[in-house]
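# Overview (structure and organization)
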Amino acid sequence: MTARDLPGKALAAELIESSRGESRATPMEAVIARLADGGIGEDGAHRLIGRLWTLERMFYYVYGGWGQGLEMNDFPPSVKYLFARQIVDESTHEMIYLDMMLRKGWIATQKEAFHHPNGKFTIDSALAFYAFSLRNLATYPHIVRIAALNLGPKIIELAWMEALAQALGEDELSAVFSSQFVENRSHISMGRRIVEENVATPFNADLCRWACGIAKRDYGMFLQEISDFVLGRKSTFEATTAPVRVND
């Protein structure tokens, strides 16, 4: 099969173009602007790295659910291999953030990071909402999950990270982000390949569009929350979400 004949080629291009169009209109632009106008200080840097570390470690939870679907369904070996590579990359990024916090002296031990306000996971947060949203995609085909994340939030993440690293210049913090660029670009390429080769029906294409839109919406809420947190503003998440009663 030639590239021209790939069933999901047009869909992949559509999702990528849509995400790139949104990538420089996120709440992170306020953080980038602050960096260009005096910086965010040590406290702001710790808040930024701490919350990003918290998100990264939630991917163990997200990918754990996704991996169960790969065991139960029949996917080509290449899909499983690429997913395994992505899990390793996310683990590396989590350790990059943790290492920075330790080297800076913001925390004394890894255990302390879990309890520090900048790294503590809380259930009533946009971060949690986004993580649970991704985890819920475990009930959908893996190709839909990868389309949602790798051709949605991953594209947006790469764009603001590149701008953030540029605004930081030669700062030590800049290397934390620039060191992730190769893997993040690889994840986008993985997503494009998986969608191009495996999304072959209009039904699955519509699922991919829907899931990608949901993932970007919820990631946007997380970016608003982390932007507010870094800049010392009151979070708007509680005011924009209604409490949900859970009956088990």
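A short tour of the structure in this document, coming up. (Residues numbered from 1 in each chain as written. Predicted model: local features only at pLDDT ≥ 70, side-chain atom pairs only at ≥ 80, totals over all residues. Heavy atoms only, no water.)

The next subject is the overall build of the protein chain. The helix and strand inventory of the protein chain stands at twelve helices and zero strands. Ordered by position from N to C terminus, the α and β elements of the protein chain give α-α-α-α-α-α-α-α-α-α-α-α. Scaling as 2.2 N^0.38, a compact globule of 248 residues should have a C-alpha radius of gyration of about 18 Å, and the protein chain matches this with 18 Å. Overall size of the protein chain, expressed as C-alpha extent along the three principal axes, is 50 × 45 × 30 Å. Taken across its 248 residues, the protein chain has 49% of its residues classed as buried. Long-range contacts, defined here as pairs at least 24 residues apart, represent 80% of the contacts in the protein chain between residues at least 6 apart. With an accessible surface of roughly 12,100 Å², the protein chain has 54% of that area assigned to carbon and sulfur atoms. Separation between the mean location of the 26 positive side-chain charges and that of the 31 negative ones in the protein chain comes to 2 Å. (Helix = DSSP H or I, 4+ residues; strand = E, 2+ residues; numbered from the N terminus. Rg over C-alpha atoms; globule rule 2.2 N^0.38 Å. Buried < 20%, exposed > 50% of the residue type's maximum accessible area, 1.4 Å probe, protein only. Contact = heavy atoms within 4.5 Å. Areas by Shrake-Rupley, 256 points an atom, 1.4 Å probe, with all protein chains shown as cover. Lys, Arg positive; Asp, Glu negative; His and termini not counted. Charge placed at Lys NZ, Arg CZ, Asp CG, Glu CD.)

Before going further, it helps to spend a moment on the packing of aromatic side chains. Summed over all chains, the structure comprises 13 aromatic pairs. A connected cluster of aromatic rings, assembled from ring pairs, spans Phe59, Tyr63, Trp66 and Phe83. Seen from the ring of Phe229, Arg47 lies directly overhead, with NZ or CZ sitting 4.7 Å from the centre. One Lys or Arg, Arg135, reaches over the ring of Tyr61 and ends 4.5 Å from the middle of that ring. (Phe/Tyr/Trp six-rings, centres within 6.5 Å; stacked < 30°, edge-to-face > 60°. Lys NZ or Arg CZ within 6 Å of the ring centre and 35° of its normal.)

The next thing to look at is the pattern of salt bridges. Taken as a whole, this structure holds 14 salt bridges when the rule is applied. The salt bridge involving Arg47 is made with Asp43; its shortest N-O contact spans 2.9 Å. Here Arg47 and its partner Asp43 are both found in helix H3 (residues 41-72), four residues apart, which amounts to about one turn of the helix. Exposure remark for Asp43: the relative accessible area of 46% places this residue in the partly exposed category. Salt bridges here are not isolated pairs; linked through shared partners, they connect Glu42, Asp99, Arg103, Lys104 and Glu172. (Salt bridge = Lys/Arg side-chain N within 4 Å of Asp/Glu carboxyl O.)

A separate point is the state of the cysteines. Overall, the coordinates contain zero disulfides when judged by the stated rule. Counting only cysteine sulfurs, Cys212 is the nearest neighbor of Cys208, a cysteine outside any disulfide, at a range of 8.4 Å. Residue class for Cys212 comes out buried when judged on its relative accessible area of 2%. (Disulfide = S-S within 2.5 Å.)

Let us look at the packing of helix H7 (residues 142-150) against helix H10 (residues 181-198). What describes two packed helices is the angle between their axes and the distance between those same axes. Relative to each other, H7 and H10 sit at 140 degrees, their axes nearing to 9 Å. By the criterion of interaxial angle, the relationship of H7 to H10 is oblique. For the pair H7 and H10, the crossing hand works out as left-handed. Together, Ile143, Ile146, Ala147 and Asn150 of H7 and His187, Ile188, Met190, Gly191, Ile194, Val195 and Asn198 of H10 make up the contact between the two elements. (Axes fitted to C-alpha atoms, helices over the stretch in contact; angles between N-to-C directions. Parallel < 35°, antiparallel > 145°, perpendicular 65-115°, else oblique. Left-handed = near helix turned anticlockwise from the far one by under 90°.)

With that out of the way, let us pick up the environment of Ala175. Note on placement: Ala175 falls in helix H9 (residues 172-178). On a C-alpha basis, the gap between Ala175 and Ile96 in space is 9.8 Å, while along the polypeptide they are 79 residues apart.

For Phe222, the position within the fold is in helix H11 (residues 202-230). Residue Phe222 is classed as buried on the basis of its relative accessible area, which comes to 1%. Sequence spacing of Phe222 and Phe237 is 15 residues, and the spatial spacing of their C-alpha atoms is 8.7 Å. Not counting chain neighbours up to four residues away, the residues in contact with Phe222 comprise Arg51, Leu52, Leu55, Ala126, Leu127 and Tyr130.

Let us now look at the nonpolar core. Residues Leu48, Trp66, Leu134, Trp160, Leu164, Phe177 and Phe222 are the most contacted members of the largest nonpolar core, which totals 74 residues. Considering each element in turn, this core owes the most residues, twelve residues, to H3. Here Leu164 is in contact with Val31, Ile32, Leu35, Leu48 and Phe177, once residues within four sequence places are set aside. (Core = buried A, V, L, I, M, F, W, Y, C linked by side-chain atoms within 4.5 Å.)

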